[in-house]
Amino acid sequence: MNRLTVLLLSLLLFSLSGCVGLGKLSQLPPELQMKEVARTDAASPFTVSRAGRIAAVHEEGIEVISPQGQVARIAAATPTMLSFSPNGNMLVAALPAAAGTTLRIFDLNGKVMAEATVPERVTAVAWRDNTHVAAAALNIKRFSFGTLLTSTFYDWDNSGSPVATTLNSVTIRPQLAKLPDALLLNTLNLAVSPYNDEIAYSVLKDPPLFPPYQAIITRHIGSGAEQEVTRTSIGSGGPVYASDGDSLVVGDSQSVTRLVTIPDGRELNGWPAQGSYPAISRSGHYLFLDGHLYRDGQTFATFPRQSRAEFLPDGSGLVIAYEKRLYLVSGLNDQEGPKKPANLPRLLELRKLRSEGLITEKEYRAQRERLKEQPKGQTKGQRKDQPK
């Protein structure tokens, strides 16, 4: 079942259910608590900030809900995507425009901080840091001989025009081109690495002699080097970075969701779920897939399959969207994610060298482990008893 089918099924179930609350349709262990926190428009985006604020779309407007439940309507707009900046002080919205998509950045009071328009449909948006927005956009051109899909990565520093890089261009066969635009748009996904130096994305491939598929590819932003990590079925969800920055959660509309290594795609774990909208906690201790909340690989709680979720950055809970409501599930005890090494610039250099093929994966992992063991403040070649 692909994500478009999940969306249509979700809308159908909403019309039949008479707005049954999520609590009656879920199974939670005693340590978890759940409460409704906001109303939303059907199938609309939402996002959570590091301070626990929620941004959502309700009655064709963007609302920000505080941790105390106070609701502030900051803009009259119906975005297709929302994302808080890492510091939680800004919100980027992807808004359909007559000639593409407008990326608009708001502060928490609704003031427009920056704006830019790109000529394609934006399919994913995320922040690289507090000043740079990353977006993926797809252009669909239909001809008599086939349909041309062009995927573009935009890097925007919130001033001027976003910098465009073509990720993929493919002419798909007529049979595949019959798929609805909504499903074709869902083949282009984007995630930013925890180190902000790399993106992972999915694109549609249609080789002449083989069945079509989605390729999961990483691209180092500094070097531009790319590597195909793995392949999935059309309509699959993800990729989503695990907190170590060296593995990805990848859904598959025809198979199972997998945790795979970068760059070789070796499977570390798998779950019996298609992973239409995968979400992972900061440590990887918890994973949300198709209504199942996993803890350390085991089912911990269950919700309706059509639920979508995003974890709170502090690890205390997650926000779940179901039908036209948002719910806060609290009581999680997430662990801290892997600590970044004291010598972060060296790790970023190693990641760049790996992307360019100048060091092997074995060399990268060995040097990364040595960085973890290096005491804070000590540089390469310096003994513990040496003065700094």
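What comes next is a walk through the structure. As the structure is a prediction and not an experimental result, all values here were calculated from the model. (Residues numbered from 1 in each chain as written. Predicted model: local features only at pLDDT ≥ 70, side-chain atom pairs only at ≥ 80, totals over all residues. Heavy atoms only, no water.)

### A few points about the sheet that holds strand β1 (residues 33-39)
Phase 1: With respect to topology, four strands assemble into an open sheet ordered β1-β28-β27-β26, the strand pairing being antiparallel. The sheet terminates laterally at β1 and β26 (308-311), the two strands that pair on one side only. When the angles between neighbouring strand axes are averaged without regard to direction, this sheet yields 25°.
Phase 2: Bridge count for strand β27 (residues 317-322) against strand β28 (residues 325-330) is six bridges, and the pairing is antiparallel. Across the sheet, the residue bridging to Ile320 is Tyr327, located in β28. (Pairing = 2+ DSSP bridges. Helix = DSSP H or I, 4+ residues; strand = E, 2+ residues; numbered from the N terminus. Axes fitted to C-alpha atoms, helices over the stretch in contact; angles between N-to-C directions.)

### Quick word on the sheet that holds strand β3 (residues 54-57)
Phase 1: The four strands are arranged β2-β3-β4-β5 in an open sheet whose pairing can be described as antiparallel. Two strands in the sheet have a free side with no partner beyond their single neighbour: β2 (46-48) and β5 (71-75). In this sheet, adjacent strand axes meet at a mean angle of 20° when their direction is disregarded.
Phase 2: Judged from the four bridges that link them, strand β4 (residues 62-65) and β5 form a sheet pairing that is antiparallel. By the bridge assignment for β5, Glu63 is matched with Arg73.

### Some details on the pairing of strand β13 (residues 163-172)
Phase 1: Inspection of the sheet shows strand β12 (residues 147-156) paired to β13 by nine bridges, in the antiparallel sense. Among the inter-strand pairings, Phe153 is bridged to a residue of β13, identified as Thr165.
Phase 2: Between β12 and β13, which pair antiparallel in sequence order, lie six residues; one of them, Asn158, sits at a positive phi of approximately 70°.

### Some details on the packing of helix α4 (residues 344-355) against helix α5 (residues 361-373)
Phase 1: Two elements in contact, α4 and α5, have axes whose closest approach is 10 Å; the angle formed by their N-to-C orientations is 175°. It follows that α4 is roughly antiparallel to α5 by the angle criterion. Counting all contacts with α4, which are made through Arg346, Leu347, Leu350, Arg351 and Arg354, the residues of α5 involved are Glu361, Tyr364, Gln367, Arg368 and Leu371.
Phase 2: Tallied by class, residues from the contact of α4 with α5 come to four nonpolar, one polar and five charged. (Parallel < 35°, antiparallel > 145°, perpendicular 65-115°, else oblique. Contact = heavy atoms within 4.5 Å. Nonpolar A, V, L, I, M, F, W, Y, C, P; charged D, E, K, R; others polar.)

### Overview of the pattern of salt bridges
Where side chains of opposite charge bring their charged atoms close, a pairing between them can arise.
Phase 1: According to the stated counting rule, one finds 22 salt bridges in the structure shown.
Phase 2: For the salt bridge of Lys372 with Glu369, the shortest nitrogen-to-oxygen distance reads 3.3 Å. Residue Lys372 and its partner Glu369 are both found in helix α5; the two are separated by three residues, about one turn of the helix.
Phase 3: One network of salt bridges, with partners in common, ties together Asp197, Glu198, Asp246, Arg351, Arg354, Glu361, Arg365, Arg368, Glu369 and Lys372. (Salt bridge = Lys/Arg side-chain N within 4 Å of Asp/Glu carboxyl O.)

### Quick look at the side chain of Thr261
Phase 1: Structurally, Thr261 is set in strand β20 (residues 257-261).
Phase 2: Leaving out residues up to four positions away in the same chain, Thr261 has contacts with Val229, Asp246, Ser247, Arg266, Leu268 and Arg365.

### Digging into the pairing of β4
Phase 1: Here β4 shows a buried face lined by Ile62 and Val64 and a second buried face lined by Glu63 and Ile65.
Phase 2: For β3 and β4, the ladder comprises four bridges, and the chain directions are antiparallel. Across the sheet, residue Ala56 finds its bridge partner in β4, namely Glu63.
Phase 3: Hairpin geometry of β3 and β4 is characterised by an intervening segment of four residues between the two adjacent antiparallel strands and by a positive phi of about 50° at Glu59.
Phase 4: Between the antiparallel neighbours β4 and β5 lie five residues, among them Gly69 with a positive phi of about 95°. (Buried < 20%, exposed > 50% of the residue type's maximum accessible area, 1.4 Å probe, protein only.)

### With respect to the packing of aromatic side chains
Phase 1: Scanning the entire structure with this criterion turns up two aromatic pairs.
Phase 2: Seen from their ring centres, Tyr286 and Phe300 are 6.0 Å apart, and the 50° between their planes marks the pair as tilted. Of this pair, Tyr286 sits in strand β23 (residues 286-289) while Phe300 sits in strand β25 (residues 298-302), placing them 14 residues apart in sequence. Across the pair, Phe300 and Tyr286 agree in class, each one buried.
Phase 3: Between Phe288 and Phe303, the ring centres sit 6.0 Å apart and the planes meet at 40°, which makes this aromatic pair tilted. Taken as a pair, Phe288 in strand β23 and Phe303 in the loop between β25 and β26 lie far apart in primary sequence, 15 residues in all. Across the pair, Phe303 and Phe288 agree in class, each one buried. (Phe/Tyr/Trp six-rings, centres within 6.5 Å; stacked < 30°, edge-to-face > 60°.)

Just distances and angles here, no functional claims.
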